[in-house]
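The lines below spell out each chain.
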Amino acid sequence: MSTQSEPGHGRLDPGLNAIMSERRQLINLAYRLLGSLADAEDVVQETYTRWYAMSPQQQQAIESPGAWLTKVAGRICLDLLGSARARRERYVGEWVPEPLPEPTEWINGRSDATGDPADRVTLDESVSMAFLVVLESMTPAERVAFVLHDVFRYSFAEVADVVGRTPAACRQLASSARRRIRTAQTPATPASRQAGIVRDFKQAWEAKDLEGLIGLLDPDATVIADGGGLAAAVLHPVEGSERIARYVIDLAVRTPDNVTFLERTVNGQPGLVVQQDGVTVTVFAFEIADDRIKHIWAVRNPDKLGPWTTG
């Protein structure tokens, strides 16, 4: 099975270095499949546990260790996705994928300077918050087939080995997922323009400028907050530009003096980080279309803010 970084590579030496070199690929895959870095790390740990549970003879008999690791990780993710819906039903409020800072700001997902740089998730359009939210709407099989084939460029025969369906069925799953992506897609806005709009939003928020906020928001914009029952957050989406603007002004009025707003990259896109006494308490991700903010995702669940630095 080929990898994104080394398409079409042949047999790997199943030694430690060769096996551990797959870690970047596995973290990238599992994060996109699960929308959670913490869960992705657990999946990769379990994958390696299964590898090292085999005897050296069993390991040597595996033609491509990289393919074996990917298959195992993919199947673990598929199982987790199958049980995720039940877990989400018990989740307090709305569930939003775990936000990631830009790779230079974190290592191994724990702001740990001693971590392995290979553990960093590669940020591209396939980890934007808007993209991950669409992935959440897919069935587990659709999500796995689409991510493996369209993002990581595995063949449908290879995808079938992970999903447990025929290559033709996997092709249909990926096609269905692709339609969902197309339906949800918005016209691309240059990153510099997005950054300017996010900056204007930050300034209007700080100035408590109601009209300024309304002007930056799409009339049908939505805000979704994720506190997970561990941090104060609105439990249901806030919809409409005026309602959102008034909600933001209300938050601004109640914001203590020791809070700062910082412009940061969130999942590869311009976003905002709120810090209180230097500790990150909220991460905002945005979707912008036609120079208006269409969606805002506010992550306040502290369990999802582990990768964020405090500086």
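Here's what I pulled together on the structure shown here. (Residues numbered from 1 in each chain as written. Predicted model: local features only at pLDDT ≥ 70, side-chain atom pairs only at ≥ 80, totals over all residues. Heavy atoms only, no water.)

1. What about empty space enclosed by the protein?
Within the structure shown, the criterion is met by one cavity of 30 Å³ or more. As a volume, the largest cavity reaches approximately 40 Å³. It is helix H5 (residues 65-89) that provides the largest number of residues to the lining of the largest cavity, a total of five residues. A per-class count over the lining of the largest cavity returns four nonpolar, no polar and three charged. (1 Å grid on protein atoms, 1.4 Å probe; cavity = no way out; pocket = protein on both sides within 12 Å on 5 of 7 lines; lining within 4 Å. Points joined across faces, edges and corners; volume = space filled by probe spheres on them. Helix = DSSP H or I, 4+ residues; strand = E, 2+ residues; numbered from the N terminus. Nonpolar A, V, L, I, M, F, W, Y, C, P; charged D, E, K, R; others polar.)

2. Let's talk about the sheet that holds strand S1 (residues 217-226)
The strand order S2-S1-S6-S5-S4-S3 describes an open sheet built from six strands, whose pairing is mixed. Each end of this open sheet is capped by a strand with a single partner; those strands are strand S2 (238-239) and strand S3 (259-266). Two elements, S1 and strand S6 (residues 292-299), share six bridges in a ladder whose sense is parallel. Across the sheet, leucine 217 pairs through a bridge with isoleucine 293, a residue of S6. Helix H12 (residues 241-253) contacts S1 and S2 of the sheet and is inclined by roughly 50 degrees relative to S1. (Pairing = 2+ DSSP bridges. Contact = heavy atoms within 4.5 Å. Axes fitted to C-alpha atoms, helices over the stretch in contact; angles between N-to-C directions.)

3. Thoughts on the environment of glutamine 45
Among the structural elements, glutamine 45 can be located in helix H3 (residues 37-52). Considered as a pair, glutamine 45 and alanine 73 are 28 residues apart in the sequence and their alpha carbons are 9.4 Å apart.

4. A word on helix H10 (residues 191-207)
For H10, built from 17 residues, the straight-helix expectation of 24 Å at 1.5 Å per residue is met to within 8% by its first-to-last C-alpha distance of 24 Å. Taken from the residues just after H10, lysine 208 is the one with a positive phi, measuring 55 degrees. (Expected span 1.5 Å × (residues − 1).)

5. Observations concerning the layout of surface pockets
A volume near 720 Å³ is recorded for the largest pocket. Listed by contribution, the elements that provide at least two residues to the lining of the largest pocket are helix H6 (129-136), helix H7 (140-151), helix H9 (167-184), strand S5 (279-289) and S6. Residue composition of the lining of the largest pocket, by class: 14 nonpolar, nine polar and five charged. In this structure, the second largest pocket spans a volume of roughly 470 Å³. Every residue lining the second largest pocket is counted, 24 residues in all, and those nearest its centre are Trp205, Leu251, Thr255, Thr282 and Arg300. Listing elements by their share of the lining of the second largest pocket, those giving two or more residues are H10, S1, H12, S3, strand S4 (269-276), S5 and S6. The element contributing the most residues to the lining of the second largest pocket is H12, with four residues.

6. Some words on unusual backbone geometry
Phi is positive for asparagine 267, close to 50 degrees, though the residue is something other than glycine. Here asparagine 267 lies in the loop between S3 and S4. Backbone geometry places aspartate 291, a non-glycine residue, at a positive phi of 60 degrees. Following the sequence through the fold, aspartate 291 ends up in the loop between S5 and S6. Among the residues examined, aspartate 291 registers a relative accessible area of 31% and is labelled partly exposed. (Buried < 20%, exposed > 50% of the residue type's maximum accessible area, 1.4 Å probe, protein only.)

7. Description of the packing of H6 against H7
Running from amino to carboxyl end, H6 crosses H7 at an angle of 140 degrees, the nearest separation of the two axes being 10 Å. For the element pair H6 / H7, the angle class is oblique. Residues Phe131, Leu132, Leu135 and Glu136 of H6 touch H7, and the partners they reach there are Arg143, Phe146, Val147 and Val151. Among the residues forming the contact of H6 with H7, the class breakdown is six nonpolar, no polar and two charged. (Parallel < 35°, antiparallel > 145°, perpendicular 65-115°, else oblique.)

8. Side note on the environment of valine 96
Tracing the chain through its elements places valine 96 in the loop between H5 and H6. With a relative accessible area of 1%, valine 96 lands in the buried category. Counting along the chain gives 201 residues from valine 96 to tryptophan 297, while the straight-line C-alpha distance between them is 7.2 Å. Beyond its immediate stretch of four places on either side in the chain, valine 96 contacts Met129, Ile224, Asp226, Trp297, Val299 and Lys304.

9. Observations regarding the pattern of salt bridges
Enumeration over the complete set of coordinates arrives at 13 salt bridges. Between glutamate 136 and arginine 143 there is a salt bridge, and its shortest N-O distance comes to 2.7 Å. Classification of arginine 143 as buried rests on a relative accessible area of 2%. When the shortest N-O distance is used, the salt bridge between aspartate 150 and arginine 178 registers 2.7 Å. Taken together, the residues aspartate 150 in helix H7 and arginine 178 in helix H9 connect sequence positions 28 residues apart. Assessed through its relative accessible area of 17%, aspartate 150 is described here as buried. (Salt bridge = Lys/Arg side-chain N within 4 Å of Asp/Glu carboxyl O.)

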